[in-house]
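Working through the structure, step by step
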Amino acid sequence: MTPGDRHKEEAPPGRLFWPAAAVGWVVMTIGAWGLVSDPHKTRPAESIRFVVGAAIVHDLLLAPAVILAGWGLAKIVPERARGPVQAALIVSGMVALFSVPFVRGYGRVSTNPSILPRNYGGGLAVILAAVWVIAAAAIARRCWRSRA
Amino acid sequence: MPRPPVTSETFASPLHDRRAAAWLGLSLGIAFTTCFLTGLLSHLIQYPPGWFAWPARPAGLYRITQGLHVATGIAAVPLLLAKLWVVYPSFWSWPPLRTVTHAVERISLVPLVGGSLFTLFSGVANIARWYPWHFNFPATHYWVAWITIGGLVAHIGAKLPVSAEVIRRRRPADAPADVEHAGLSRRGLLGAAFAASGLLTLVTLGQTLRPLDRLGFLAPRRPKNGPQGLPVNKTATGAKVVDAANDPEFRLTVKGRGVTRPLSLTLADLRAMPQHEAVLPIACVEGWSSTATWSGVRVRDLLELAGAKKGSTVRVESLQPRGAYRASTLNEHHAADVDTLLALDLFGEPLHIDHGFPVRLIGPNRPGVLQTKWVTRLVVK
């Protein structure tokens, strides 16, 4: 599908559009109602800030940073290596992002060694090494093929 | 209105396309529905309404449903990030609101996107025992999950026609087979996202599936790591029960309206009663689980001794001075089960104080938080 394709005038809404919107908004209202009616636990001012903040941090910081990085990368990495490098960066970035609270060990308690018992920095290094070995093998195969 | 410098057309990568969005969307729809249903079940088990009585059998069912909840949430992280990247140009669509349906669709995305990111972020932080906030995690995660799933229903209604069409037609007639450009293909992008998802599953699932423990590089727990080879969530020190648990005057009492002969038993009295063994998992709401061999006194034997009626429900109270999990309730199924024990021993040795010495509750098919430790009182209703 070409990039232009996504800007086509959208199709008229399907038959399910309004029923699903109605059900969806009822369910969202149940959630919002539950959230505000137990304020000692949910602290609505703070939790809503987190929900909206998560969307803002993603849409205005994380996504633009990733897109800029991808744009820069396409300029630097030679064509033959580009695909594997992109794939390996996607996997590495996602795994690394997930691993942050473990590697940083925010939740560690000195009195309870069964919480976060591993060396997560070392574990992350092993995973990333495996990912990049596979990427390097894919690049090598491409080079070898194009020479053959 | 002047056209802004950035619109959806600014994003040149051909990977921002509908087929990738449809496949990722379908996977996320399945993942979020699984998380919502298993989470709802866990909530009902912990806060049962009158019509809900969670059975005691099969003994390992909760371990599976909650293990699935956490594993699916982890697997959804890369899929969500990839999906948001693929559809990101739409965030800048111009004009921002074209028609009434477009406006309704876009407004529903705020709770969907914010809620999805929030439930996954807070869930991951919780299994890492990291709480960079002041709200109560279970309550907030639960209500935001309702908001998210509502947003998902509205979103599916809006996107189903286009996604179904794109998925059904293997190759759109009016478009090239796959993008011809130097970088990653659409298949490559989807492959990378699913590979990241599978990889995170592989390196965390060892916390509940013991054969994968060696590969659990990012697993928050190891199933055999802890006193007596079993993990601990709340230590005796953390629960402020060390003195009370070691007090030689310790008594277990059985009382309440449903009792005709109230009991007050010493640890020696409990040891003198018939002892029973049960092989049962501790299955934490955080998704880790580990099987152990417990032995002690059957709760049903104690209830019979105290003259409680069959079918009674029992409140099990801890020495813990406070905390949300200082007491739990045994419904009629759990109270009557032969494997529901007040355990004194773990793997043939007296319980470690962090596992609930002198006496703890252990029963089949219960979340770990309801396996009350340092038990001092049974109140029969």
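Each residue is numbered by its place in its chain's sequence as written, counting from 1. Chain A is the first chain written and ligand 1 is the first ligand written, with later ones labelled in order. Only residues with pLDDT of at least 70 are given local features in this predicted model, and only at 80 or more are side-chain atom pairs given and counted; all residues enter the totals for whole chains, interfaces and linings.

**Structural notes on the overall build of chain A**
Formally: Every helix listed is a DSSP run of H or I at least four residues long, and every strand listed is a run of E at least two residues long, numbered separately from the N terminus. We take the radius of gyration over the C-alpha atoms and set the globule estimate at 2.2 Å times the residue count to the 0.38 power.
When its secondary structure is counted, chain A shows 5 helices and 0 strands. Going from N to C terminus, chain A has its helices and strands arranged as α-α-α-α-α. For 148 residues, the compact-globule estimate of 2.2 N^0.38 gives 15 Å, and chain A exceeds it by more than 25% at 23 Å. Overall size of chain A, expressed as C-alpha extent along the three principal axes, is 65 × 60 × 25 Å.

**Let's talk about the domain arrangement of chain B**
Residues and elements named next belong to chain B. Put simply, the rule is: Marked domain ranges trace back to an automatic or database domain assignment. Placing a C-beta atom from the backbone of each residue, one calls two residues in contact when those atoms lie within 7 Å.
The domains assigned to chain B are domain 1 (8-215) and domain 2 (228-380). For domain 1 versus domain 2, the separation of C-alpha centres amounts to 38 Å. In this complex, domain 1 contributes 24 residues to the contact, which on the side of domain 2 involves 21 residues. Taken together, the elements giving at least two residues each to the side of domain 1 that touches domain 2 come down to helix H1 (18-46), helix H2 (61-86) and helix H4 (100-127). No other element matches the 8 residues that H2 contributes to the side of domain 1 that touches domain 2.

**What about the sheet that holds strand E1 (residues 252-255) of chain B?**
Remark on secondary structure: sheet strands pair via backbone hydrogen bonds, oriented parallel or antiparallel. Residues and elements named next belong to chain B. As a reminder of what qualifies: Criterion used throughout: strands pair if DSSP finds at least two bridges between them. Only the stretch in contact is used when fitting a helix axis, every axis being a line fitted to C-alpha atoms; angles between N-to-C directions are given from 0 to 180 degrees.
Judged by pairing direction, the sheet is mixed, and its 5 strands sit side by side in the order E2-E1-E10-E5-E6 without closing on themselves. One side of each edge strand has no neighbouring strand; the edge strands of this open sheet are strand E2 (263-265) and strand E6 (327-330). Here the average twist between neighbouring strands, direction ignored, is 15°. In terms of strand pairing, strand E5 (residues 314-318) meets E6 through 4 bridges, oriented antiparallel. Of the residues in E6, the one forming a bridge with Val-314 is Leu-330.

**Considering the interface of chain A and chain B**
Stated formally: Under the scheme applied, nonpolar residues are Ala, Val, Leu, Ile, Met, Phe, Trp, Tyr, Cys and Pro; charged residues are Asp, Glu, Lys and Arg; polar residues are all the others, including Gly.
The interface is formed by 66 residues belonging to chain A together with 80 residues belonging to chain B. Broken down by element, the side of chain A that touches chain B gets its largest block of residues, 14 residues, from helix H1 (residues 17-36) of chain A. Across the side of chain A that touches chain B, the residue classes break down as 40 nonpolar, 17 polar and 9 charged.

**Looking at the domain arrangement of chain A**
Domain boundaries in chain A define domain 1 (17-76) and domain 2 (79-148). Here the C-alpha centroids of domain 1 of chain A and domain 2 of chain A sit 27 Å apart.

**Let's talk about the packing of helix H4 (residues 79-104) of chain A against helix H5 (residues 120-147) of chain A**
Residues and elements named next belong to chain A. We apply this condition: Orientation is classified from the angle alone, with under 35 degrees giving roughly parallel, over 145 giving roughly antiparallel, 65 to 115 giving roughly perpendicular, and any other angle giving oblique.
One way to put it is that H4 packs onto H5 with a least axis distance of 9 Å and a crossing angle of 175°. Relative to H5, the element H4 lies roughly antiparallel. Residue composition of the contact of H4 with H5, by class: 20 nonpolar, 4 polar and 2 charged.

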